[in-house]
Amino acid sequence: MMLRTSASRVLDDNDRDEVLGLLDSDPVANVFVASRVRAVGLNPARLGGQMWGYGPRGGLISLCYAGANLVPVNAGREAVHAFADRARKQGRRCSSIVGPSAAVELLWERLEPHWGRARAIRWAQPVMATSSAPLVAPDPEVRRVRPEEFGTLLPACVAMFTEEVGVSPDNGDGGALYRSRVAELIRIGRSYAHIEDGQVIFKAEIGAVTPQACQIQGVWVDPLYRGRGHAAAGMATVVEQALKYFAPIVTLYVNDYNLPARAAYKKVGFREVDTFTSVLF
């Protein structure tokens, strides 16, 4: 029997307060989407995509950010089916589907017959968070990256992305969008690294920020320096800085099979609070 659902709708700036109220109900899981809405609102031209809503104005139940990523928010079965219907009719425009596992898995179950096979699926990605001072000594050499060090940092960012995602960020537009994002994070003081003699030993960025939470991304240690404690000490510095300057909760998500990273994050004081799934195209 086909499940009948109400249709989703495209939201606009008139829905902003209600959208933020829903996003703020889970500031850790929703930090990426909430940071986008707080920064630019809901106008698709500024948002870089559409925000879909499920439920009437004044009674919004669920959201789905449909931009470079497809990100369901607080989406139960009926909302997921409504979002899948819209995504199917629109055609795939995203490079990934990412979010809480139950919603993403159901969304992909509905979309795979129409969109075809994914390049990769990361079924279990623990979401980790901390609101406490790090439990290990910070690395005093980790600091904000300076604008003139863009050329030094970029190869490390490309190596991290390629290792993590499985393709180079230079694919498609030649890496222009990726380079601009790296430069922007440096410019606004959210890129951190341990650099010695022009070589990046450790790096990480604070990618999404809201008043409630911030998300660390792009954590990377040069392969020649792995296993020496650089990840834990470097993350301790980034957590210290994030709590001081950005938000009272620091979060990230990591592949379940990346046991060294998970161990390092737990050593710093992160705890697992949720599970994401990512479908990569």
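What you are looking at is a predicted structure, and each value in this text was computed from that prediction instead of being measured. In this numbering scheme, every chain counts its residues from 1 along its sequence in written order. Reporting in this predicted model follows two pLDDT cut-offs: at least 70 for local features of residues, and 80 or more for side-chain atom pairs to be given and counted; totals over whole chains, interfaces and linings ignore these cut-offs and use all residues. Side-chain metrics in this entry use all non-hydrogen atoms of the structure; hydrogen atoms and water are not considered.

(A) Structural context of the packing of aromatic side chains. Working definition: a ring pair exists when centres of Phe, Tyr or Trp rings (six-membered ring for Trp) sit within 6.5 Å. Plane angles under 30 degrees give stacked, over 60 give edge-to-face, the rest tilted. On inspection of all chains with the given rule, the structure shows 7 aromatic pairs. Between Trp-52 and Phe-83 the ring centres are 6.4 Å apart and the planes differ by 35°, which places this aromatic pair in the tilted class. Of this pair, Trp-52 sits in strand E2 (residues 50–54) while Phe-83 sits in helix H4 (residues 77–90), placing them 31 residues apart in sequence. In this structure Trp-52 comes out as buried when scored by relative accessible area, which is 0%. Put simply, the rings of Trp-108, Trp-115 and Phe-281 pair up and form one aromatic cluster. Each helix is a run of H or I in the DSSP string that is no shorter than four residues. Each strand is a run of E no shorter than two, and both are numbered from the N terminus. Per-residue accessibility, obtained with a 1.4 Å probe over protein chains only, is compared with the maximum for each type, and a residue is labelled buried under 20%, exposed over 50%, and partly exposed between these values.

(B) Geometry of helix H9 (residues 259–268). When H9 is considered as a whole, its buried residues turn out to be Ala-261, Arg-262, Ala-264, Tyr-265 and Val-268. The arc that holds the buried residues of H9, viewed along the axis, is 160°, so those residues lie on one side. Across from the buried face of H9, at angles greater than 90 degrees, the exposed residues are Leu-259, Pro-260 and Lys-267. Pairs of residues are marked as contacts when any of their non-hydrogen atoms sit within 4.5 Å. The elements touched by buried residues of H9 are strand E6 (120–130), strand E10 (214–221), helix H8 (230–245), strand E11 (250–253) and strand E12 (271–280). Note on H9: the residue one or two positions beyond its end, Gly-269, has a positive phi of about 130°. Regarding the arc, it is the one traced by the directions from the helix axis to the C-beta atoms.

(C) Spotlight on the pattern of salt bridges. Any carboxyl oxygen of Asp or Glu that lies within 4 Å of a side-chain nitrogen of Lys or Arg is treated as forming a salt bridge with it. Taken as a whole and assessed by the stated rule, the structure comprises 14 salt bridges. For Asp-15, the salt bridge identified is with Arg-57, shortest N-O distance 2.9 Å. Linking Asp-15 in the loop between strand E1 (9–10) and helix H1 (16–23) with Arg-57 in the loop between E2 and strand E3 (62–66), this pair joins segments that are 42 residues apart in sequence. Salt-bridge contacts for Arg-226 lead to Glu-163; the nearest nitrogen and oxygen are separated by 3.0 Å. Linking Arg-226 in the loop between E10 and H8 with Glu-163 in helix H6 (residues 150–165), this pair joins segments that are 63 residues apart in sequence. Among the residues examined, Glu-163 registers a relative accessible area of 48% and is labelled partly exposed.

(D) Representation of the packing of H8 against H9 within the structure. Between N-to-C directions, angles span 0 to 180 degrees; the directions come from axes that are lines fitted to C-alpha atoms, helices contributing only their stretch in contact. At their nearest, the axes of H8 and H9 sit 9 Å apart, and the two run at 50° to each other. Here H8 is positioned oblique relative to H9, judged by the angle of their axes. Where H8 crosses over H9, the handedness of that crossing is right-handed. Residues Ala-231, Ala-232, Met-235, Ala-236 and Val-239 of H8 touch H9, and the partners they reach there are Ala-264, Tyr-265, Lys-267 and Val-268. Only Asp, Glu, Lys and Arg are considered charged, only Ala, Val, Leu, Ile, Met, Phe, Trp, Tyr, Cys and Pro nonpolar, and every remaining residue, Gly among them, polar. Class assignment of the residues belonging to the contact of H8 with H9 gives a composition of 8 nonpolar, no polar and 1 charged. An angle counts as roughly parallel when it lies under 35 degrees, as roughly antiparallel when it exceeds 145, as roughly perpendicular when it falls between 65 and 115, and as oblique in every other case. Put simply, a crossing is left-handed when the front helix is turned counterclockwise from the back one by less than a right angle, and right-handed when it is turned clockwise.

(E) Quick look at the domain arrangement of the chain. One can read the domain layout of the chain as domain 1 (9–117) and domain 2 (130–274). Each domain span listed reflects an automatic or database assignment of domains. Of note, the centres of domain 1 and domain 2, computed from C-alpha atoms alone, are 26 Å apart. Counting residues at the interface gives 10 residues for domain 1 and 13 residues for domain 2. Interface of domain 1 and domain 2: buried area, both sides summed, is about 860 Å²; carbon and sulfur atoms make up 73% of it. Our enumeration of links across domain 1 and domain 2 arrives at 0 salt bridges. Top contributing element to the side of domain 1 that touches domain 2 by residue count: helix H2 (residues 31–40), with 5 residues. Of the residues belonging to the side of domain 1 that touches domain 2, the class tally is 7 nonpolar, 1 polar and 2 charged. Buried area is a sum: the accessible area each of two parts loses on coming together, probed at 1.4 Å, counted once for each and added.

(F) A look at the UniProt feature "domain: N-acetyltransferase" (unreviewed entry) in the chain. UniProt positions are given in the numbering used here, feature names are shortened, and annotations may be inferred rather than shown by experiment. In the UniProt entry, the feature "domain: N-acetyltransferase" (unreviewed entry) is given for residues 140–281. As annotated, residues 140–281 comprises 38% helix and 30% strand, and the C-alpha atoms at either end are separated by 38 Å.

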